[in-house]
Amino acid sequence: MSPNPSVSAPPVQSSRARWTTRVIGITAVVATALTVWLGLWVTPPDQVQGNLVRLVYIHPGVAWVALYLAFGLAAVSSLLYLWPRTRSLFWDRLAAASVEVGVVFNICTLISGSIWGKPTWGVWWAWDARLTSTAVLLVLFLGYLALRRVPAEPEVRAKRSAFVALFAAVDIPIVHFSVLWWKTLHQGATVLNANLSPTIHGSMAWTLLLGFLALTLVFVWMLLVRFRIGVLEDWLGTGELDVALRERQAEGAPIDEDEAA
Amino acid sequence: MAAQLIVLEAVLGVGVVLLYGAKIEVPWLIVVSCVLGTVGLAATGTLYGALSAGLRVRETLLPFLFLPIAAPVLLAGTRMWQAGLSGGTASYGNPWLRLLVVFDAVYVALGIVVFGPIQESA
């Protein structure tokens with residue numbers, strides 16, 4: 001695209017926002033490194049599962065971010081967009097960024113679960129209630145992303161997407177309770193169980209907790225960066241439109257003169 | 001849409017009984033699953049139909065959006081029919097019955113609330 005002086009400069013990010021993003025990013029890297037170190041070297045192997053238990057520091061954390069944090073945030077911000085008093089494209093962008101990062105984490109959940117499933121259950125995949133509903137959730141939110149790609153006015157697109165995000169979010173509680181309703185292959189909740197008493201102890205519990213924190217920080221950092229990209233994309237979109245319009249006008253003028261002559 | 005589904009279910013039900021010689025062990029389970037399944041499919045189908053009205057890529061996008069959301073209904077319906085036909089393990093159908101009831105309640109309620117706003121935006 002040729003440089004166009006009349007297109008407004010990109011929206012500037014405040015230095016505080018830049019710093020916050022950077023600090024969160026660095027903390028996320030440190031926390032992740034610490035989790036890896038604790039998870040692979042410090043904590044003992046499990047009595048039953050041996051070294052396989054080390055996946056516990058990753059898999060539930062990833063699932064927590066994808067299923068509850070990312071898609072939950074997407075649902076809440078979609079709701080806030082639809083609510084007339086809080087309607088703003090801010091919520092739409094936040095929902096879109098959240099879903100996009102959530103989809104990545106959802107895929108990671110399925111992959112890490114699959115890696116765990118092969119040695120413990122003997123299969124890569126089972127049509128278990130929780131696995132199936134997690135996969136369904138992924139397809140639902142891929143549908144959301146597909147819908148966003150349909151060209152439309154930003155407001156129309158935002159409203160349409162918000163409805164789809166809400167419909168899809170109804171599946172989240174079904175995923176959570178599927179483990180309780182159907183006694184299936186996938187184990188029940190370890191941390192967020194009914195009695196709120198984690199069935200895991202000592203250094204393993206702390207590592208697990210740190211893993212949750214690290215992955216949450218990674219999610220927040222990715223969300224902030226994606227949100228910023230969204231803002232820039234919108235700015236570029238309007239810029240491109242201006243350029244295209246001006247080019248058309250420039251093309252149109254001489255042709256009219258020729259016809260007149 | 002609901003009427004079409006009911007007719008389809010009745011025809012298929014008779015077909016299954018006649019062609020496969022299946023014996024219905026728990027009739028109420030079959031009837032309930034049909035009614036609940038129809039409500040679920042009709043509610044979600046209407047919502048997505050309204051939402052995608054006027055979209056140029058509707059034919060491609062609608063099944064992609066609709067199938068996963070309707071998957072729990074289809075699964076639950078299949079399992080309840082299985083329980084209804086095989087009998088004996090009728091209690092097996094119970095969690096699925098609960099799922100269908102919850103699903104229907106949620107999506108019908110959601111439909112009542114958001115159908116107006118969807119129409120406005122379309």
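The structure presented is a predicted model; accordingly, all values stated were derived computationally and were not measured.

Draft legend 1. The interface of chain A and chain B, seen in detail. The interface is formed by 20 residues belonging to chain A together with 25 residues belonging to chain B. At the junction of chain A and chain B, the tally comes to 0 salt bridges. Between the two partners, chain A and chain B, sit 1 residue pair in polar contact (both at pLDDT 80 or more). In terms of residue count, the dominant contributor to the side of chain A that touches chain B is helix 4 (residues 129-149) of chain A (9 residues). A class-by-class count of the residues in the side of chain A that touches chain B yields 16 nonpolar, 2 polar and 2 charged.

Draft legend 2. Region of the structure containing the environment of A:A96. Residues and elements named next belong to chain A. Following the sequence through the fold, A96 ends up in helix 3 (residues 89-121). Taking the C-alpha atoms as reference points, A96 and Y144, 48 residues apart in sequence, are found 8.7 Å from one another. Ignoring anything within four residues of it in the chain, the contact list for A96 reads Y144 and R148.

Draft legend 3. Region of the structure containing the confidence of the model for chain A. For chain A, mean pLDDT is 81; residues scoring 70 or higher make up 82% of the total. Confidence scores differ between elements of chain A, with helix 6 (residues 171-181) of chain A showing the lowest mean pLDDT of 65 and helix 3 of chain A the highest of 91.

Draft legend 4. A look at the pattern of salt bridges. Residues and elements named next belong to chain A. Across all of its chains, the model carries 4 salt bridges over all chains by this definition. For the salt bridge of R226 with E233, the shortest nitrogen-to-oxygen distance reads 3.8 Å. Residue E233 is classed as partly exposed on the basis of its relative accessible area of 44%. Salt bridges sharing partners connect three or more residues here, namely E100, R226 and E233.

Draft legend 5. Inspection of the side chain of A:R148 at higher detail. Residues and elements named next belong to chain A. If you trace the backbone, R148 turns up in helix 4. The exposure class of R148 is buried, given its relative accessible area of 12%. Residues in contact with R148, not counting those within four places in the same chain, are D92, A96, R157 and S161.

About the criteria used
For every chain, the first residue of its written sequence is number 1, and the numbers climb from 1 along that sequence. Numbering of ligands from 1 and lettering of chains from A proceed in the order in which they are written. Owing to the predicted nature of the model, reporting of local features is limited to residues with pLDDT of at least 70; listing and counting of side-chain atom pairs is limited to 80 or more, with chain, interface and lining totals taken over all residues. Neither water nor hydrogens contribute to the side-chain values; these are computed over all heavy atoms in the structure. Should any heavy atoms of two residues lie within 4.5 Å, those residues are counted as being in contact. By definition, a salt bridge exists where a carboxyl oxygen of Asp or Glu is found within 4 Å of a side-chain nitrogen of Lys or Arg. As used in this structure description, the phrase polar contact means that two N or O atoms lie within 3.5 Å; if the pair is within protein, one of them must be able to donate a hydrogen and the other to accept it, and residues adjacent in sequence are counted only when both atoms belong to side chains. The way it works is that DSSP assigns letters per residue, a run of H or I at least four long becomes a helix, a run of E at least two long becomes a strand, and they are numbered from the N terminus. Under the scheme applied, nonpolar residues are Ala, Val, Leu, Ile, Met, Phe, Trp, Tyr, Cys and Pro; charged residues are Asp, Glu, Lys and Arg; polar residues are all the others, including Gly. Per residue, pLDDT measures the predictor's confidence, with a range of 0 to 100. When a residue's accessible area, from a 1.4 Å probe over protein chains only, is under 20% of the maximum for its type it is buried; when over 50% it is exposed; and in between it is partly exposed.

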